[in-house]
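Summary of structural features
What follows is the residue order along each chain.
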Amino acid sequence: MQLSSSISNTFSSSSTPWIKNFVQLCVEDIFNKIQFYKPEVRGKEYQTFNGISYEGKDFVFTRPIVVIVEKTDGGYFLEIEELNIYLFAEKKSELNELLGESIAYLWDTFVQGRDAEFDKSGIDFKRKLESLVRLN
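Source: prediction; values computed, not measured. Residue positions are counted from 1 within each chain, in the order its sequence is given. Where totals are concerned, whole chains, interfaces and linings use all residues; where local detail is concerned, this predicted model gives features only for residues with pLDDT of at least 70, and gives and counts side-chain atom pairs only at 80 or more. Heavy atoms throughout the structure, all of them, feed into the side-chain values; hydrogens and water do not.

1. Regarding the pairing of strand S2 (residues 57–71)
Applicable threshold: Two strands qualify as a pair provided that DSSP identifies no fewer than 2 bridges between them. The secondary structure listing takes helices from DSSP runs of H or I that are at least 4 residues long and strands from runs of E that are at least 2 residues long, numbered from the N terminus.
Sheet analysis places strand S1 (residues 44–54) next to S2, joined by ten bridges and oriented antiparallel. Opposite Phe49, over in S2, you have Ile65 as the bridge partner. Taking the residues between adjacent antiparallel strands as the criterion, S1 and S2 are bridged by two residues, where Glu55 takes a positive phi near 45°. Both S2 and strand S5 (residues 133–135) contribute to a ladder of three bridges, which runs antiparallel. Among the inter-strand pairings, Phe59 is bridged to a residue of S5, identified as Leu135.

In C-alpha cells:
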C-alpha cells in the first residue's frame, strides 16, 4: 500500500515502532472515512461554459465559468457558485433554458440597473457580473 510506505518514510529509523504504527492506523482510519464519503460527490458533473443564448440575446463569458450539474432523486441541480445561481429542473435538458433565463434576469436587473438602486453588495455583484459577462 502506498499509504503505508509514505508513513514509514516519514519516520526515522530511530522512531519508536509503536508511534509509527499508531500514526499509520490513525491515517488509514481517516483515509477510509474519506473513501466512505466519496460516493456523495458521485453524479456531479463539472462543466465550463463560454456563453449562453436566451431570447435572441447572446451572453458571452469573459472566461470559462464553472458549472456543476448534479443528478438528484427528483431531477437535476445546477450551481454556478461565483454568480450565486442555483437551479433545479426535473429534466437535464431544461437546465440550459433556466440558466439562460437566470443570466438574462441578472443582466437586466444588475447591469442595466442604476448604481443608486443598490447597496454596496449589489454594486459589488454588478461589477462582478460586468467583468464576467458581455452581451453580444
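There's plenty left to go through after this.
2. Section: unusual backbone geometry
What counts here: Burial classification: accessible surface area is computed with a 1.4 Å probe over protein chains only, and a residue below 20% of its type maximum counts as buried, one above 50% as exposed, and the rest as partly exposed.
Even without being glycine, Glu55 reaches a positive phi, approximately 45°. Positionally, Glu55 belongs in the loop between S1 and S2. For Glu55, a relative accessible area of 68% gives the class exposed. If you check the backbone angles, Asn84 has positive phi at about 55° while not being a glycine. Within the secondary structure, Asn84 sits in the loop between strand S3 (76–80) and strand S4 (85–89).

3. Here's the deal with helix H4 (residues 120–132)
Since the α-helix turns once every 3.6 residues, residues separated by three or four places project in the same direction. We apply this condition: By this rule the span expected of a helix is its residue count minus one, scaled by 1.5 Å. Here, the arc refers to the directions that run from the helix axis to the C-beta atoms. Pairs of residues are marked as contacts when any of their non-hydrogen atoms sit within 4.5 Å.
Counted at 1.5 Å a residue, the expected span for H4 with its 13 residues is 18 Å, and the 18 Å between its end C-alpha atoms agrees. Of the positions making up H4, those classed as buried are Gly122, Phe125, Lys126, Leu129 and Leu132. The arc that holds the buried residues of H4, viewed along the axis, is 135°, so those residues lie on one side. If you follow the buried residues of H4, they end up packed against S2, helix H3 (93–111) and S5.

4. Comments concerning the nonpolar core
Stated formally: Working definition of a nonpolar core: buried Ala, Val, Leu, Ile, Met, Phe, Trp, Tyr and Cys residues. They are joined through side-chain atoms within 4.5 Å.
Formed by 28 residues in total, the largest nonpolar core has its most connected members in Leu78, Ile85, Leu99 and Ile103. For Leu99, the contacting residues outside a window of four places in its chain are Phe49, Ile52, Leu78, Ile80, Ile85 and Leu87.

5. Looking at the pairing of S3
The element S3 is extensively covered by neighbouring structure, given that four of its five residues are classed as buried. Bridge analysis of S2 against S3 gives four bridges, and the strand direction is antiparallel. Residue pairing across strands places Val69 opposite Leu78, the latter belonging to S3. Count of turn residues in the S2/S3 antiparallel hairpin: four residues. As paired elements, S3 and S4 share five bridges and run antiparallel to each other. Residue pairing across strands places Phe77 opposite Phe88, the latter belonging to S4.

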